[in-house]
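What follows is each chain in one-letter form.
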Amino acid sequence: MSDKRIAYLDLLNIIAIISVIAMHCNGIVHGNPNIRAWNTSLIVECICYFAVPMFFMISGANLMKYRERYNTKEFFKKRCLKVLIPFIAWAIMMFIFKIFITKSISIETINTPINFLNAFFSNKEEATYYFMFEILGIYLVMPLLSLLAKDEYKKTLWLIVGLYFVFNATLPNLFALVGIKWYTGFGMPLSGYAIYVILGYLLSEEELDNKWKILIYVGAVFGILYRYVTTFILSKSAGQVIKTTWGYSSWHCMLLTVSVFIIIKDLKIEEINDTAKTIMAKIAQCSFGIYLIHMIVKACYIKVFNINTLSWYFRTFGVLGIYIISLVGVMLMKKIPILRKILP
């Protein structure tokens, strides 16, 4: 792929970050399953579960063929400037925000170099920043994965995806549901997120037959129902959230994420007018910044408007409110030279 923006990937980027915010606004899904609001929060959780894996698919579509544009040294330089440095900067600011503003963690958390590093590597500054370590890990292995981004290896990559789907995504998930312990070593020794990188590359390069698309769509819908029903029944019975069938490497998440990717790709939005594509690209370019700041925006939004986080209003319209405020905030900060370096 060239450096030119790809419209459907921009749209996927925007949808994914909004879905991330939706899940975070419905975080009560991880709490008491006996309250009424939990039932609807689980719906949002199940429908938006594709969001995090989607970012890895987008990375695969954009970066698996990076060697066609620049060398590996340049690849790592770009990743440091665009991802690593902004992450570290915002992690420090998040520590400051939580120590001095919300007072949710104490200064003793980072009062020595060892304490700071322990807090940083365990995401004490912000639990949702776990994603950063996952994506940085993917960048470390990207030079190896990029060597497979050739036509002669596509069948092999599809074989890897198929084996992963059976032995890593499906059998362990189903066995866990019926109480059978699956030996985790019996499967593809591949990160759950790495498989999405490969899928993103393959699906950006190839067009699936309609029969495969239909099977994937049906499987995705069934997967949403499967995860909702199993979680609902198991959690209500136990009086606490049971996540036996959860997991980004699970079959239902793979099918859901692939479905969303294919549906958006098939919209052929490359054909829309250039002005619309330019606007969409500018919005998509803010997604990483939105991810970095949206939890601060969310905390302030709740505080300023005295929001009841259990309310349906916050868990629906609040999602768009937080997204729009974050988007505008990132766009404004990008106009300030020093902040532009930590909001690429």
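Residues numbered from 1 in each chain as written. Predicted model: local features only at pLDDT ≥ 70, side-chain atom pairs only at ≥ 80, totals over all residues. Heavy atoms only, no water.

What the protein chain contains, in helices and strands, is 14 helices and zero strands. A globule of 344 residues ought to have a C-alpha radius of gyration of about 20 Å, and the protein chain, at 21 Å, matches this closely. Counting only C-alpha atoms and orienting by the principal axes, one finds that the protein chain spans roughly 55 × 55 × 45 Å. Taking all 344 residues of the protein chain together, 49% fall into the buried category. Contacts spanning at least 24 positions in sequence make up 79% of the contacts within the protein chain whose residues lie at least 6 apart. (Helix = DSSP H or I, 4+ residues; strand = E, 2+ residues; numbered from the N terminus. Rg over C-alpha atoms; globule rule 2.2 N^0.38 Å. Buried < 20%, exposed > 50% of the residue type's maximum accessible area, 1.4 Å probe, protein only. Contact = heavy atoms within 4.5 Å.)

This part takes up helix H10 (residues 251-265). The first and last C-alpha atoms of H10 sit 21 Å apart over 15 residues, in line with the 21 Å expected at 1.5 Å per residue. Buried residues dominate H10, accounting for 14 of its 15 residues. (Expected span 1.5 Å × (residues − 1).)

This part takes up the packing of helix H9 (residues 210-238) against H10. Any two packed helices are characterised by the angle at which their axes cross and by the distance between the axes. Packing of H9 against H10 leaves a shortest axis separation of 8 Å and a crossing angle of 130°. In terms of their interaxial angle, H9 and H10 are classed as oblique. Every pair of crossing elements has a handedness; the one defined by H9 and H10 is left-handed. Within the contact between the two elements, H9 uses Lys213, Ile216, Tyr217, Gly219, Ala220, Phe222, Gly223, Ile224, Tyr226 and Arg227 and H10 uses Trp251, His252, Leu255, Leu256, Val258, Ser259, Ile262 and Ile263. Its residues assigned to classes, the contact of H9 with H10 shows twelve nonpolar, four polar and two charged. (Axes fitted to C-alpha atoms, helices over the stretch in contact; angles between N-to-C directions. Parallel < 35°, antiparallel > 145°, perpendicular 65-115°, else oblique. Left-handed = near helix turned anticlockwise from the far one by under 90°. Nonpolar A, V, L, I, M, F, W, Y, C, P; charged D, E, K, R; others polar.)

Further remarks concern the nonpolar core. By size, the foremost hydrophobic cluster in this structure holds 108 residues, and its most contacted members are Leu12, Met54, Phe56, Trp90 and Met142. Those residues in contact with Trp90 that sit more than four places away from it in its chain are Tyr129, Leu292, Ile293, Ile296, Met333, Ile342 and Leu343. (Core = buried A, V, L, I, M, F, W, Y, C linked by side-chain atoms within 4.5 Å.)

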